[in-house]
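# Analysis of the macromolecular model
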Amino acid sequence: MPKQTVETAPIELKTIEAKPITAAMGAEISGVDLSKPLSEKQAAEIKQALQTFLVLTFKDQDLTPERHVNLAKYFGSPEVHPIVQGMEGYPEIIKVIKNPGETTQFGDSWHSDNSFFESPTTATILHAQEVPPVGGDTLFSNMYLAYDHLSEGMQKLIDPLVAIHSASDAYNPVKLAHKYRGEAAMKYNYSDVVEQQVEHPMVCTHPETGRKFLYVNRMFTVTIKGMTPKESKPLLDFLTEHALQPEFQCRIRWSDKAVTMWENRTTMHYAMNDYYQYRRIMHRITVNDGIRPSA
Ligand code: SIN
């Protein structure tokens, strides 16, 4: 049924090994110690694997915050989040934390990180500090496959459309007042960015692969340009539902010290909120290449 899967696009790697996770996306990478500086060849092969598999996971990586920042720099410029407060001394690192008994989890709705930026995050690198004994997986969906599997008629309909992205709901200052007041483990700072509305083509072409991908997500895509929210909703709902077919997905089961990085624009992800009684802590860095998504 899939028109193209990772198995039909093998790549030759010499400095790392990649074991695909599903036919749709994701690979377990071995043979590299991310706590050490990468050789040019290693960095190039990790980038190549990232463009092919979209999600890469590496077991047991001893990264200090400093080394995490240095690692991120191979893939773009580390971003400082305009709303979520970074770690003391490392403003680029967000401590994604859920304490036992907390009912909400950062990232527990399908999204692509920071799609409400004019130039959205290009890749995200998450390092597991403390993981629950079970639960807290991260799920991913491949937005190239989502586009490829639309009918020609639907592709023609959405190719020229522009979607509006905004953080106004996900970072709503009223709903999340306790985070803005600094009373939760994750602290938010109010910024005009919360209310900003940013336009991106609904179908983008990746600058490196030249392939088209669907660029909408449930958390930040609010309307379609030129349409009312009521008119936009059925189409946005259809497209996000369509993009979340299990055949387009992979799922990462975390272990302590694992690193997972993802190609952020061509994927959506979802952090499972199913470990109520446990703590989970991740260090997250997002990087940016400064390129605006284009049709
Ligand atoms: C995120 O949405 O960036 C965090 C994902 C996770 O914690 O698994």
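Look up: the structure comes first, before these words.
Since we're looking at a predicted model, the values are computed, not measured.

## Some points on the pattern of salt bridges
If you walk through the whole model with that rule in mind, you get 19 salt bridges. Notably, a salt bridge pairs Lys212 with Asp159, separated by 3.4 Å at the nearest N-O pair. With Lys212 in strand S11 (residues 212-214) and Asp159 in the loop between helix H4 (152-158) and strand S8 (162-165), the pair connects residues that are 53 residues apart, well separated along the chain. Relative accessible area serves as the criterion here: at 25%, Asp159 is assigned to the partly exposed category. Taken together, the salt bridges that share partners define one network made up of Asp60, Asp62 and Lys257.

## Here we look at the nonpolar core
Grouped together as the largest cluster of nonpolar side chains are 61 residues, with contacts concentrated most on Ile83, Ile158, Tyr171, Tyr188, Met202 and Leu214. No other element matches the five residues that helix H3 (residues 143-148) contributes to this core. Dropping the residues within four chain positions of it, Ile158 is found in contact with Leu150, Met202, Val203, Leu214, Leu235 and Leu239. Core analysis: the second largest hydrophobic core is formed by 27 residues, Leu34, Leu56, Val259 and Val287 among them.

## Thoughts on the sheet that holds strand S15 (residues 267-271)
Within the open sheet, the three strands sit side by side as S13-S7-S15. Their pairing is antiparallel. The strands lining the two open edges of the sheet, one partner per strand, are strand S13 (249-252) and S15. Averaged over all pairs of adjacent strands, the angle between strand axes in this sheet comes to 20 degrees, irrespective of strand direction. Sheet topology places strand S7 (residues 138-142) next to S13; four bridges connect them, and they run antiparallel. The residue bridging Phe140 from the neighbouring strand is Cys250, located in S13.

## A word on the sheet that holds strand S12 (residues 221-224)
Strand order in the open sheet formed by three strands is S9-S8-S12, with antiparallel pairing between adjacent strands. Edge positions in the sheet fall to strand S9 (198-201) and S12, since each of these pairs with one other strand and no more. Pairs of neighbouring strands in the sheet enclose a mean axial angle of 35 degrees, with direction left out of account. One ladder, built from three bridges, connects S8 with S12; its direction is antiparallel. Bridge assignment links Ile164 to a residue of S12, and that residue is Thr223.

## Quick word on the pairing of strand S16 (residues 280-288)
Of all nine residues in S16, nine are buried, a share of seventy percent or more. Side chains of S16 alternate between two faces, with Arg280, Met282, Arg284, Thr286 and Asn288 and Ile281, His283, Ile285 and Val287 buried alike. Relative to S16, strand S4 (residues 77-78) is paired through two bridges, and the arrangement is antiparallel. Bridge assignment links Ser77 to a residue of S16, and that residue is Asn288. Summarising the sheet, strand S5 (residues 94-98) and S16 pair through five bridges and their orientation is antiparallel. Paired with Lys95 across the strands is His283, a residue of S16. Where strand S6 (residues 123-130) lies against S16, seven bridges are found, and the strand directions are antiparallel. Within S16, the residue paired with Thr124 across the bridge is Thr286.

## Description of the site of the ligand
What surrounds the ligand is the set Val96, Gln105, Gly107, His111, Asp113, Leu126, Thr138, Trp262, His269, Ala271, Arg280 and Arg284. In the model, an oxygen atom of the ligand is placed 3.3 Å from a nitrogen or oxygen of the Asp113 side chain. Note that an oxygen atom of the ligand is positioned 2.8 Å from one of the side-chain N or O atoms of Arg280. Out of a free accessible area of 260 Å², the ligand has 100% covered by protein chains. Among the secondary structure elements, those contributing two or more residues to the shell around the ligand are S15 and S16. Taken together, the residues of the shell around the ligand break down into four nonpolar, five polar and three charged.

The rules behind each value
Residues numbered from 1 in each chain as written. Predicted model: local features only at pLDDT ≥ 70, side-chain atom pairs only at ≥ 80, totals over all residues. Heavy atoms only, no water. Salt bridge = Lys/Arg side-chain N within 4 Å of Asp/Glu carboxyl O. Helix = DSSP H or I, 4+ residues; strand = E, 2+ residues; numbered from the N terminus. Buried < 20%, exposed > 50% of the residue type's maximum accessible area, 1.4 Å probe, protein only. Core = buried A, V, L, I, M, F, W, Y, C linked by side-chain atoms within 4.5 Å. Contact = heavy atoms within 4.5 Å. Pairing = 2+ DSSP bridges. Axes fitted to C-alpha atoms, helices over the stretch in contact; angles between N-to-C directions. Near = heavy atom within 4 Å. Polar contact = N/O pair within 3.5 Å; in protein donor to acceptor, adjacent residues only side chain to side chain. Areas by Shrake-Rupley, 256 points an atom, 1.4 Å probe, with all protein chains shown as cover. Nonpolar A, V, L, I, M, F, W, Y, C, P; charged D, E, K, R; others polar.

Remember that the coordinates give geometry; whether it matters functionally is a separate question.
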